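# Structural description and commentary
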Amino acid sequence: MTEPFFGNFDLASLSLWLFYGFFALLIFYIQRENMREGYPLEDDDGKLSANQGLFPLPSDKTFKLPHGRGELTVPSGQNPERTDLALEKTSAGNGFPFAPTGNPMVDGVGPASWAPRRDVPELDGHGHPKIVPMAATEHFVVAAGRDPRGLPVMAGDGEIVGKISDMWIDEPEQLVRYLEIELAAPHGEGKRLVPITFARIKSDRVNVRSIFGPHFAGVPQHASPRQVTLLEEDKISGYYGGGTLYASTARQEPLLG
């Protein structure tokens, strides 16, 4: 009588080892896919890191962007990082903070930093700009809460720098993203956007505490009166964010309770 091939073979052990092998390959695959952004690794100076990790970079993958915005190949086709940062090292070793060498709010470093995003507006599922001024659409009205349009804008130092002229809304999300400020002559000309999260709407004014009166003229401008690009959004938000630390030297000192 012939003994079958699997007569003395442990099928349970085979299944277990096949699972181990599959799981190891799955981890390898997922880790490499996770390396399509932010790699190869760099040290604090922007040079390639000596330790790139255990996993090799994945092969290039090309994505066709929607709404006719071309193609993007990653990881080799990533947008270059900013290389003109006005910063200097405070210590020879990695991991120590960098100190600004100029005006950090203008240079866009530290809390005021921004990323070189694409200079095109974010689009909704139909290919239209997501964020638009309320004056450019008839689909939205203020149904509750305070309407800030027409209210004066008070900076962090108490100066009145202008008034709210419009609200910019995210149509798909149905919420306000920015307030539009029409600046008074002493504080610059034209209009500037302020993220709604940096504004406090009161009954008689809108407070913008993060920056002071002289800073409003330097708020990055948006090129179009009907849309704001991803790059412009990053620069605008970075400017106000940087003001929470850099608007005055007093804010850079230790806070004692």
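The preceding data block contains the structure.
The notes below deal with the structure included here. (Residues numbered from 1 in each chain as written. Predicted model: local features only at pLDDT ≥ 70, side-chain atom pairs only at ≥ 80, totals over all residues. Heavy atoms only, no water.)

## Details of the overall build of the protein chain
Formally: Strands here mean DSSP runs of E at least two residues long; helices mean DSSP runs of H or I at least four residues long; both are numbered from the N terminus. Only the C-alpha atoms count toward the radius of gyration. The rule for a globule is 2.2 Å times the residue count to the power 0.38. We call a residue buried when its accessible area falls under 20% of the maximum for its residue type, exposed when it is over 50%, and partly exposed in between, using a 1.4 Å probe and counting protein chains only. Should any heavy atoms of two residues lie within 4.5 Å, those residues are considered in contact. For the accessible areas, the method is Shrake-Rupley and the probe is 1.4 Å, while residue cover comes only from the protein chains on display. Only four residue types enter the charge count: Lys and Arg as positive, Asp and Glu as negative, with His and the chain ends excluded. The atoms used to mark charge sites are NZ of Lys, CZ of Arg, CG of Asp and CD of Glu.
Broken down by element type, the protein chain carries 3 helices and 11 strands. The N-to-C order of helical and strand elements in the protein chain reads α-β-β-β-β-α-β-β-β-β-β-β-β-α. Rg of the C-alpha trace for the protein chain: 26 Å, well past the compact-globule value of 18 Å for 257 residues, more than 25% over. In terms of overall dimensions, the protein chain has a C-alpha envelope of 100 × 55 × 40 Å along the principal axes. Relative to its full complement of 257 residues, the protein chain shows a buried share of 29%. In the protein chain, the proportion of contacts linking residues at least 24 apart, taken out of those at least 6 apart, comes to 56%. Total accessible area on the protein chain is roughly 16400 Å²; 56% of this is exposed by carbon and sulfur atoms. Averaging the locations of the 24 positively and 33 negatively charged side chains of the protein chain gives two centres separated by 4 Å.

## As for unusual backbone geometry
Looking along the chain, the bond that leaves Tyr39 and enters Pro40 is cis, with omega of 0°. By the secondary structure assignment, Pro40 is in the loop between α1 (11–33) and β1 (61–64). With omega at 10°, the peptide bond leading from Val74 into Pro75 counts as cis. Mapped onto the secondary structure, Pro75 falls in the loop between β2 (71–74) and β3 (87–89). The residue Gln174 is not glycine, and still its phi comes out positive at about 55°. You can see Gln174 is positioned in the loop between β7 (160–170) and β8 (175–183).

## Remarks on the nonpolar core
Condition: Residue types Ala, Val, Leu, Ile, Met, Phe, Trp, Tyr and Cys, when buried and joined through side-chain atoms within 4.5 Å, form a set referred to as a nonpolar core.
By size, the foremost hydrophobic cluster in this structure holds 29 residues, and its most contacted members are Leu179, Ile181, Val208, Ile211, Phe216 and Tyr240. Listed by contribution, the elements that provide at least two residues to this core are β5 (131–133), β6 (152–155), β7, β8, β9 (191–195), β11 (206–208) and α3 (230–246). Per-element accounting of this core gives the leading share, 5 residues, to β7.

## Side note on the packing of aromatic side chains
Note the following rule: Aromatic rings from Phe, Tyr and Trp, taking only the six-membered ring of Trp, are treated as a pair when their centres fall within 6.5 Å; an angle between ring planes under 30 degrees marks them as stacked, one over 60 as edge-to-face, and anything in between as tilted. By definition here, charges over rings are those cases where NZ of Lys or CZ of Arg is within 6 Å of the ring centre and within 35 degrees of the ring normal.
Tallied over the entire structure, the rule returns 6 aromatic pairs. Ring geometry for Phe19 versus Tyr20: centroids 6.3 Å apart, planes at 50°, classification tilted. Of the residues examined, Phe19 reaches a relative accessible area of 46% and is grouped as partly exposed. Lys235 extends its terminal NZ or CZ atom over the ring of Trp114, reaching a point 4.6 Å from the ring centre.

## Focus on the environment of Asp43
Structurally, the position occupied by Asp43 is in the loop between α1 and β1. Along the primary structure Asp43 and Asn94 are separated by 51 residues, whereas in three dimensions their C-alpha atoms are 7.3 Å apart.

## Some words on the pairing of β1
Rules: Pairing between strands is defined by DSSP: at least two bridges between them are needed.
Pairing of β1 with β2 involves 4 bridges; the strand directions are antiparallel. Paired with Thr62 across the bridge in β2 is Thr73. Taken together, β1 and the strand that follows it, β2, pair antiparallel across an intervening segment of 6 residues, in which His67 is found at a positive phi of about 60°.

## Observations concerning the side chain of Asp170
Worth spelling out the cut-off: Polar contacts, as used here, are pairs of N or O atoms within 3.5 Å; protein pairs need one atom able to donate a hydrogen and one able to accept it. Residues neighboring in sequence count only if both atoms are side-chain atoms.
Along the chain, the position of Asp170 falls in strand β7. At 3.0 Å, the side chain of Asp170 forms a polar contact with the side chain of Arg177. Ignoring any residue separated from it by four or fewer positions in sequence, one finds Asp170 in contact with Lys130, Ile131, Leu175 and Arg177.

## Topic: the pattern of salt bridges
Once the charged atoms of two side chains with opposite charge are near each other, the side chains can pair. Here is the rule we go by: The rule for a salt bridge is simple: a side-chain nitrogen of Lys or Arg has to be within 4 Å of a carboxyl oxygen of Asp or Glu.
Summed over the entire model, instances satisfying the criterion amount to 9 salt bridges. The residue Glu33 makes a salt bridge to Lys61 at a minimum N-O spacing of 3.3 Å. Taken together, the positions of Glu33 in helix α1 and Lys61 in strand β1 put the pair 28 residues apart, joining distant regions of the chain. Between Lys191 and Glu180 there is a salt bridge, with the nearest N and O atoms lying 3.6 Å from each other. Of this pair, Lys191 sits in strand β9 while Glu180 sits in strand β8, placing them 11 residues apart in sequence. For Glu180, a relative accessible area of 6% corresponds to the buried category.

## Observations regarding α1
Formally: Working rule for helices: expected span equals 1.5 Å times residues minus one.
End to end, α1 covers 33 Å across 23 residues, agreeing with the expected 33 Å (1.5 Å per residue, within 8%). With a side-chain oxygen lying 3.2 Å from the backbone nitrogen of Ala12, the N-terminal cap of α1 falls on Asp10.

## What to know about the pairing of β8
Sheet analysis places β7 next to β8, joined by 8 bridges and oriented antiparallel. If you follow Asp166 over to β8, its bridge partner there is Glu180. With antiparallel pairing between neighbouring strands as the criterion, β7 and β8 make up a hairpin whose turn holds 4 residues, including Gln174 at a positive phi of roughly 55°. In the sheet, β8 pairs with β9 via 5 bridges, with the strands oriented antiparallel. Paired with Glu182 across the two strands is Lys191, which belongs to β9.

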